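Letter by letter, the chains look like this.
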Amino acid sequence: MMENKLHPTQSFERISSLDGLRGFSLLGIFLINMMSYESPILYYNPQEWWHGTDQSLYKWIELFVQASFYPIFAMLFGYGLVLIRNRSIEKGGEFKTIAVKRLFILLIIGIIHAFLIWSGDVLINYAVFGFILIFLLKLSGKSLMVIGLSLLVIPNLFFSLYLMIITLVSSQDMSMYTDIMNLTKSMEVFSSSDYWNITVQRFKDWKIVNGSSNVIFILFSVVPLMMIGAGAAKRKWLQRTQGERKKWLSILILSLPLGLFLKSLPVFVDSNMAFKYIEQSLGGTILSFAYVAIIALFMSYKWTGKLLKPFTAAGRMSLTIYITQSIVGTFIFYGYGLGLYSKLTLGTSMLLAIGIFIIQVVLAEIWFMKFKFGPLEKIWRYFTYGKNI
């Protein structure tokens, strides 16, 4: 009798371009997160915080890295959910049951991560909005992509225009400002306090970013990207990278210059709130499309695909690496660890992030010589599928 019970993706079933993209995005995410581990980034104006060489370096990070890697993660989340749905249908399993269990476990991991390790967690939002995405997957691939792109561009475009008008007509300074009181408090707590006081501050920081006033903005920045990724999965864009080279090249040609232009506005023109919002909501996402296209094109050729093999290994255990980065990063900088909060230069922090990521990649390669799944991936899959792994 044929065994139809649903099981997690095996190593021979994996899509290398998908894992390569996950691994690539993990590096960019770590570079940005490192600034949050080591400084009160929520409360300062980076144009005033960094000086000298660090100020110049920050501009390049803002241009090429800031807000351009989390969108990739969100799109891949939607892509992966469609793959699970497809396999569930093929095996005769109940997709919604599996998806709900999977998202619920991710939510628990996200809560632990956000409140006990680092406040900048994205897993909670991915899990919560993933429940919405489940009911949208009945749409066709084209519909998902068109609606997702519309929900991403139209609201953000209108709000960008609103901020532009306010900036032009308002007599008030619309530049970014430093919150001295919260900055001082954050510096004091994270640099020298114990674990409990840091946890209390961690919760406050999480609430500032994810509070009710920001929910609508988070919704329109995450769900549309998940829909775009899900639409691409239904059309198998990453499974057929060789046959989609012209499409990926077109995306690259369109999105690279536009993304860089929009992201350059607060870097080289004016760091007002309008340009900063455009950079974050539109420029960063559009540039992420270009990065996805570059990786897809690289993976479509054997000789260039081999260059991305380390990223592929990292992508296979992306959850483990993401959480581990937070554990290591906060230990290095927080008071209950090495206590280096705000004591390193930006350049040193970036080199540290790259060094840690290289170590993670090497350890991932060694791990997969013996095991099929990463440690946290194994736990996630166990509670999703049970013993059938």
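Remember, predicted model here, so these are calculated numbers, not experimental data.

Criteria and cut-off values
- Residues numbered from 1 in each chain as written.
- Predicted model: local features only at pLDDT ≥ 70, side-chain atom pairs only at ≥ 80, totals over all residues.
- Heavy atoms only, no water.
- Core = buried A, V, L, I, M, F, W, Y, C linked by side-chain atoms within 4.5 Å.
- Buried < 20%, exposed > 50% of the residue type's maximum accessible area, 1.4 Å probe, protein only.
- Helix = DSSP H or I, 4+ residues; strand = E, 2+ residues; numbered from the N terminus.
- Phe/Tyr/Trp six-rings, centres within 6.5 Å; stacked < 30°, edge-to-face > 60°.
- Expected span 1.5 Å × (residues − 1).
- Polar contact = N/O pair within 3.5 Å; in protein donor to acceptor, adjacent residues only side chain to side chain.
- Contact = heavy atoms within 4.5 Å.

A. Region of the structure containing the nonpolar core. Within the largest apolar cluster, 106 residues are counted, with the highest numbers of intra-cluster contacts made by Tyr126 and Leu238. It is helix α1 (residues 16–38) that provides the largest number of residues to this core, a total of twelve residues. In terms of nonpolar packing, the next biggest core, distinct from the first, is built from six residues, Leu262, Leu265, Phe275 and Ile286 among them.

B. Quick look at the packing of aromatic side chains. One pass over the full model with this rule turns up 29 aromatic pairs. Taking 6.3 Å as the distance between ring centres and 85° as the angle between the ring planes, the aromatic pair formed by Tyr44 and Trp50 counts as edge-to-face. As far as burial versus exposure is concerned, Tyr44 and Trp50 are alike and both buried. Measuring from centroid to centroid gives 6.1 Å for Phe311 and Phe357, while their planes differ by 35°, and the two rings are tilted.

C. Just helix α4 (residues 70–91), in detail. Taking 1.5 Å of rise per residue, the 22 residues of α4 would be expected to cover 32 Å, and the 32 Å separating its terminal C-alpha atoms lies within 8% of that figure. Among the 22 residues that make up α4, 17 are buried, leaving the element largely enclosed by the rest of the structure. Phi turns positive, to about 75°, at Gly92, one or two residues after α4.

D. Main features of the side chain of Thr384. Within the secondary structure, Thr384 sits in helix α17 (residues 375–385). The buried category is assigned to Thr384, whose relative accessible area is 0%. A distance of 2.7 Å separates a polar side-chain atom of Thr384 from the backbone oxygen of Trp380. In this structure Thr384 touches Ile98, Lys101 and Arg102, once residues within four positions along its chain are discounted.

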